[in-house]
Amino acid sequence: MANVCGLRTLKNEPVPLKSVEVQVDVQGHVASVSSTLQYENQESSPVEAVFIFPMESNATIYSFVARIGDVEIKAQVKEKEQAQEEYDDAVSSGQQAFLLEESDESSDVFRLSVGSLPPGQSASVTLSYVTELAVQADDALRFCLPAVLNPRYTPAGSKSLTAAGSGPQGESVPYTLSLGVHIYSPSTVQSVQSNCPLTPLEFLSQDNTEAKVSLSPGHKFDRDVELLLYYGQPHQPTAILEAGQPSAQPGSLMGDIVAMLSFYPEIPSIPSSQMTSKGEFIFVVDRSGSMDCPMNQSNYEQTRISSARDTLLLLLKSLPVGCYFNIYGFGSSFESYFPESVEYTQANMETAVQKVKSMQADMGGTEILQVLQDVYSKPCLPSRPRQLFVFTDGEVGNTKDVIDLVKRHALSHRCFTFGIGEGASSALVNGMAEGGSGHPQFITGAERLQPKVMQSLQFALQPVVEDISVKWNIPADISVTPLSPLPNVIFQNQRAILYFQLTGQSSGNISGSVSLHYTLDKKAVENTLTLNMKPKEDSSMLIHRLGARKAILTLEGERGEAGDKTGKERAVELSIQSGVSSSYTAFIAVNTENKQPIKGPLLRRNIQPMMFSAPPGRMMRFAAPAPQACFMKCSGSLPAAMFGSGPMPAPMFRGSGPVPAPIMASKKRCRGRMSPAMDAAPMAPAPEQDTPETKDPLLELISLQKVDGSWDLQPSLASIFGKKEEEVATALPGKPEFLSVWATVLAVLWLHGHKMDFKDEWQFVAAKAVAWIKAQSGADLTGFVAAGNSFLGLQVELQNFGLQE
């Protein structure tokens, strides 16, 4: 019997979602997004469709409009429990209703309920949101439209956010995505790149500051859509003042002016050779089952865990001399390589390298909270700043608990995070980095993990902007209120976007200024922006929405003093006033135009997750105690317990019934987590096939380097040069005691001559090597470099060794 693939209903019938249309308007570094989902009930009874989908964690939803026939219903923001009650009452009485709510546990997951859709009826819902675009290492601005929502592992005893119900598994998406992007840039638009096919970039202005581009027709929404926008002057600071709503109360957020300031502090680079650190580096690596999934759909041999292994080896060789370090692996439990952080010595490094080489995705679920609690329980080392690096595919159900823990320890460390693979929770990865004054990175598609990790290591070693404050030079009758806390640090090539509420009125076109004050390398610095105090008018109120969202997120983490309103109460008030969603509120729309109740039994149609095939010839491994892995091919036989035939945890969105929360997924080869209910029925381990291991010569060379930066001559090093050990030893241009200097010079020459495209990955390794070479007295370094170039057939310049021609 043929297997039926695709998103299906619980009765194996097509889901009502037909298409997704998205329009994106980019103004500088802010994107305004309008997304329309088209539904059609093809069944003979009324349908309630439930659709769970991912959003970028920093997205600000400010409008939700439903259309049924010729009737348009604009949703209102209400306190979440009230909205849920109104929705239930409407649906139970036969009315058409729509409910949009944020997950209680993760700000990047939403649920849309479409209630009482009559037979043969079409309906559409339009979500509008605004979001800041993240700056990438190459100065691109990144926009991501998530399609992938990985099932989130939920700790035992907790409710499951994305537990899958029963239903067939699929490999195709039965609806299409159309996406158009209109770009308005303060400087020239140079190019737009994407992981999906695009139409040619069309410029709409003579100075190339306005352009548009679209996804190629017929695109299936089977993976995250990522756009990278390149501007001519990406670091240009800006200040935008937006007028309040005329109908809003003066003194309220929506009635006052809101300012959005964007600063790019100029932080000069320190050469890698001059970097020294007495810090403590702690690496926390996800070893749960889903880390055995492929990094991307084009390379099934490169798994997430193998990429993490290679990256850890590179990090261990790139650490500065004199630091301390430790490595943790976590899953359902956790382990550390050393009881506490140890000094970066040759012996300790070799012990760690051997353990990293054998590291597997064999530790079950994703209990990230307990490993972080152990890290924070260890006292910080005196005069050794703690830098925490966390690698995960970001599939957890207790996101807010994890972020709160990081925030509570924000003053004792910096936290750098890496979301590996499509579907990594942006709420978790962004939230931990923001809460820990670090920097987040996402690795999707065919990207390599190593260069992004090296960029974060450079952030950890470079000077940062600290002691940040803002000073205003504006008319005295205007007061300023910050809408969110100022950042603790700003990294090199990173921006700071700040929001302020300006109360009071100024007469005429008065100018003013605002200054960002900070310290850089213990020196006071000031950046100033000139302001036109006449605000611009924009009916969409996008700047107000962004500022409101920042204020709401701050309030959600506060606890009110005795007699004061709690953070929740104030967040609900601001959410309703601004029309911006929060974890405490929801959008509710009821069709009051329809006076006739819809009759007939109401069918619940959950949009189910799809389970996708493993690559040909490859079977995934299962490991106790909590087996998790990429799922097998959809035509294969799988235990019924895996698809929810047993008891399932209650949905995380609402506690009013045992209906498992569904999810939307994408055409992914792996769909990681099983819920705790699935752990009881593990599959038999598949026999592993022996495949020849292809060694990366770059990683092989780096793995041979010693802690002090030098290389010893040995057969494996010589083979990387394409030589025999005897050949290398015979070509030594100096005394025998300089053999290690000769080997180290050759290694640095080889990196410059053969791996310049990967310089971001080996720059710290080479810097340590050059520093060691220059510290060796008695060796003719100029002669060694000349002899090495001749021996390897290269022409690497002396300046790469800090020497003059």
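Below is a summary of the structure that appears in this document.

Reading the values: rules and limits
- Residues numbered from 1 in each chain as written.
- Predicted model: local features only at pLDDT ≥ 70, side-chain atom pairs only at ≥ 80, totals over all residues.
- Heavy atoms only, no water.
- Phe/Tyr/Trp six-rings, centres within 6.5 Å; stacked < 30°, edge-to-face > 60°.
- Helix = DSSP H or I, 4+ residues; strand = E, 2+ residues; numbered from the N terminus.
- Buried < 20%, exposed > 50% of the residue type's maximum accessible area, 1.4 Å probe, protein only.
- Lys NZ or Arg CZ within 6 Å of the ring centre and 35° of its normal.
- Pairing = 2+ DSSP bridges.

Quick look at the packing of aromatic side chains
The final tally for this structure, using the stated rule, is 14 aromatic pairs. Aromatic pair Trp742 and Phe791: ring centres 6.1 Å apart, planes at 50°, arrangement tilted. With Trp742 in helix H13 (residues 739–754) and Phe791 in helix H15 (residues 781–792), the pair connects residues that are 49 residues apart, well separated along the chain. The residues Trp742 and Phe791 share a single accessibility class, namely buried. Among the aromatic side chains, those forming a connected cluster through ring pairs are Phe283, Phe389, Phe391, Phe416, Phe418, Phe459 and Phe491. Taking NZ or CZ as reference, Lys355 lies 5.8 Å from the ring centre of Phe338, over its face. Cation over ring: Lys723 sits above Phe791, and NZ or CZ is 4.7 Å from the ring centre.

Considerations on unusual backbone geometry
Even without glycine at this site, Asp139 takes up a positive phi of about 75°. Counting through the fold element by element, Asp139 comes out in the loop between strand S10 (134–135) and strand S11 (141–145). Judged by its relative accessible area of 23%, Asp139 falls in the partly exposed class. Residues other than glycine seldom take positive phi values, yet Ser437 does so here, at roughly 55°. As for its placement among the helices and strands, Ser437 is situated in the loop between helix H6 (426–435) and strand S27 (440–443). Assessed through its relative accessible area of 10%, Ser437 is described here as buried.

Notes on the pairing of strand S18 (residues 257–263)
Of all seven residues in S18, seven are buried; the element is thus mostly enclosed. Burial of S18 is two-sided: the residues Ile257, Ala259, Leu261 and Phe263 facing one way and the residues Val258, Met260 and Ser262 facing the other way are all buried. In the sheet, strand S17 (residues 238–242) pairs with S18 via five bridges, with the strands oriented antiparallel. By the bridge assignment for S18, Thr238 is matched with Ser262. Pairing of S18 with strand S30 (residues 496–503), which is carried by seven bridges, proceeds in the antiparallel orientation.

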